[in-house]
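Listed below, chain by chain, are the residues.
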Amino acid sequence: MSTDVQEIGPVDVAVIGYPPGAPRTGEAVPIFLDLVERGIIRVLDVVGVEKREDGTFGTVVAEDVDGDGFPDLVAFAGAKSGLLGDDDVRTAADEIEPGAAAVLIVYENRWAAPFVAAVRRNGGEVLGFERVSAADLMDALERLVAEDAAV
């Protein structure tokens, strides 16, 4: 087995929707950029989509998130891995209401890459990573608290 196993972490897709009239302040952008700068994640794709009032949609450059003229996500302009396609944009557009927008972000979890590489070097393979929603986590924690209180 080769000892030069490439370190690639699991890849996630985040779809963030902005309903009509949402302030889009860009408050989350510095937090997102900090994750990139610290090497926790690596952005592979960024695509914006806006749904028009007539139900049609189009892609937008997801650089100026808050509309202030400053290119918040300019570092990711042109980021394209081939993982997002027209069908993904269409699916996102189908899920938002007219006048709404969404941004699709594909990112690698760089923090997990050394772990995944070590697993591969030792003959293992990562069979999957599953995302647990915040609501499911809170429900599970509430059940544990209730069980502890009943004991």
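Residue positions are counted from 1 within each chain, in the order its sequence is given. In keeping with the predicted nature of the model, local features appear solely for residues at pLDDT of at least 70, side-chain atom pairs appear and are counted solely at 80 or more, and the whole-chain, interface and lining totals rest on all residues. To obtain the side-chain values, all non-hydrogen atoms of the structure were included, while hydrogens and water were left out.

## Here's the deal with a nonpolar patch on the surface
Convention followed: Candidate patch residues must exceed 30% relative accessible area and have no salt bridge, after which like charges are joined if within 9 Å and Val, Leu, Ile, Met, Phe, Trp or Tyr side chains if within 5 Å. Surface exposure here means Shrake-Rupley accessible area, sampled with a 1.4 Å probe, where a residue is shielded only by the protein chains that are shown. Throughout this description, the term salt bridge denotes a Lys or Arg side-chain nitrogen within 4 Å of a carboxyl oxygen of Asp or Glu. Starting at the N terminus, helices and strands are each numbered in turn, a helix being any DSSP run of H or I of at least four residues and a strand any DSSP run of E of at least two.
A cluster of nonpolar residues, Val132, Leu137, Met138, Leu141 and Leu144, forms a patch on the protein surface that exposes about 470 Å² of accessible area. Relative to the helices and strands, Leu137 is located in helix α4 (residues 134–150).

## Considerations on the sheet that holds strand β1 (residues 11–18)
Defined as follows: Strand pairing is assigned whenever DSSP detects at least two bridges linking the two strands. Under this scheme, a helix contributes an axis fitted over its contacting stretch, all axes are lines through C-alpha atoms, and angles between N-to-C directions fall in the 0 to 180 degree range. Note on contacts: a residue pair qualifies if any of its non-hydrogen atoms lie within 4.5 Å across the two residues.
Spatial ordering of the open sheet is given by β1-β4-β2-β3, a layout of four strands whose pairing is antiparallel. Since the sheet does not close on itself, it has two edges, and those belong to β1 and β3 (57–60), each with one partner. Looking at each pair of strands side by side, their axes are set apart by 25° on average, direction ignored. Pairing geometry for β1 and strand β4 (residues 101–109), over eight bridges, is antiparallel. Its bridge partner lying in β4, Tyr18 is registered against Ala101. Its contacts with the sheet put helix α1 (residues 29–37) on β2 (41–51) and β4, and the angle it makes with β2 is roughly 150°. Its contacts with the sheet put helix α2 (residues 86–95) on β1, β2, β3 and β4, and the angle it makes with β2 is roughly 55°.

## Let's talk about the nonpolar core
The criterion, for reference: In this text, buried Ala, Val, Leu, Ile, Met, Phe, Trp, Tyr and Cys residues form a nonpolar core when linked through side-chain atoms within 4.5 Å. Only protein chains enter the accessibility calculation, which uses a 1.4 Å probe; a residue is then buried when its area is under 20% of its type maximum, exposed when over 50%, and partly exposed in between.
With 12 residues, the main nonpolar core is built from Leu44, Val47, Val49, Leu84, Val89, Ala92, Ala93, Ile96, Ala100, Ala102, Leu104 and Val106. Looking at this core, the elements that each hand over two or more residues are β2, α2 and β4. Core analysis: the next-biggest nonpolar cluster, separate from the first, contains nine residues, Phe32, Ile41, Phe76 and Val103 among them.

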